[in-house]
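Listed below, chain by chain, are the residues.
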Amino acid sequence: MHNNTKKIALSGVCVAMSLGLGMFSIFSLPMGGSVTACSMLFATLPGFFFGGTYGFLSGLAYGALSFVLKPYFYSPAQFVTDYVLAFTALGLSGLFSQKKHGLFIGYIVACLGRFFFAFLSGVLFFASYAPEGMNPIWYSFSYNISYISVEMAITLVVLFVPVVHRGLYRMKGQLLSEGAYAR
């Protein structure tokens, strides 16, 4: 029971960090969307530390709280795609938690998962926002890839900083040695 409490508490801290960092844009892009300071990284860390279950649940919590803080509601299906599926996809990082280079691979796959559902939402629910004469699929792709890929690239640069990389793996190792990682 104590181990689960530690996992839940650390996952909650990661979600809070994601929400906090998500409130501060480094810059906004011309088509819309904004790049934050590594907010998606913190959302993927519960998966990296504790595996898929905690990753997916943390992503779901992040999506629900994001909706509460900045609700964009057009239909129940759009809500599910934008807030449930897109943010829960950040938990895909947990599928790579035991793999070599799992931090990097998991983060990239999680961001691609979020992109997929944001793209799908754009095609299904926001096609009317495409400029006249622009294909709605291309519009959704361009809009979503513009901010997700830039934030992903910035975060990967941060992850390649040796002190950051080693620190996250050291933290994971400490969680393992304390038994907090036991499933």
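Residues numbered from 1 in each chain as written. Predicted model: local features only at pLDDT ≥ 70, side-chain atom pairs only at ≥ 80, totals over all residues. Heavy atoms only, no water.

Go over a nonpolar patch on the surface with me, naming the residues and quoting the values.
On the surface, a cluster of nonpolar side chains totalling about 360 Å² of accessible area is made up of M23, F24 and L69. Classification of F24 by relative accessible area gives exposed; the value is 60%. (Patch = residues over 30% accessible without salt bridge, like charges linked within 9 Å, V, L, I, M, F, W, Y side chains within 5 Å. Areas by Shrake-Rupley, 256 points an atom, 1.4 Å probe, with all protein chains shown as cover. Salt bridge = Lys/Arg side-chain N within 4 Å of Asp/Glu carboxyl O. Buried < 20%, exposed > 50% of the residue type's maximum accessible area, 1.4 Å probe, protein only.)

How would you explain helix α4 (residues 76-88) if you had to name every residue and give the values?
Of the residues making up α4, those classed as buried are Q78, T81, D82, Y83, A86, F87 and T88. Looking at the buried residues of α4, the elements they touch are α3 (52-69) and α5 (102-125). (Helix = DSSP H or I, 4+ residues; strand = E, 2+ residues; numbered from the N terminus. Contact = heavy atoms within 4.5 Å.)

Describe the nonpolar core, listing the residues and the values that go with them.
In terms of nonpolar packing, the biggest core is built from 34 residues, with L45, F49, Y62, L90, Y107, I148 and L159 touching the most fellow members. Residue assignment for this core shows that the elements contributing at least two residues are α1 (2-22), α2 (39-50), α3, α4, α5, α6 (136-159) and α7 (162-177). The element best represented in this core is α5, accounting for eight residues. When sequence neighbours within four positions are dropped, the list of residues in contact with Y107 reads M40, L41, T44, S93, G102, E151, M152, T155, L156 and L159. (Core = buried A, V, L, I, M, F, W, Y, C linked by side-chain atoms within 4.5 Å.)

Summarise the environment of S58; cite the residues concerned and give the values.
Within the secondary structure, S58 sits in helix α3. The class for S58 is buried, based on a relative accessible area of 6%. Residues S58 and V13, 45 residues apart in the sequence, show an inter-C-alpha distance of 9.9 Å. With residues up to four places along the chain from it excluded, the contact list for S58 reads S11, V15 and P46. Only 2.8 Å separates the side chain of S58 from the backbone oxygen of Y54, close enough to count as a polar contact. (Polar contact = N/O pair within 3.5 Å; in protein donor to acceptor, adjacent residues only side chain to side chain.)

Talk me through the pairing of strand β1 (residues 25-28); I want residue IDs and the actual numbers.
Relative to strand β2 (residues 34-36), β1 runs antiparallel, the two sharing three bridges. Each bridged residue has a counterpart across the sheet, and for F27 the counterpart in β2 is V35. Between β1 and β2, which pair antiparallel one after the other, the connecting turn spans five residues, and G32 there sits at a positive phi close to 115°. (Pairing = 2+ DSSP bridges.)

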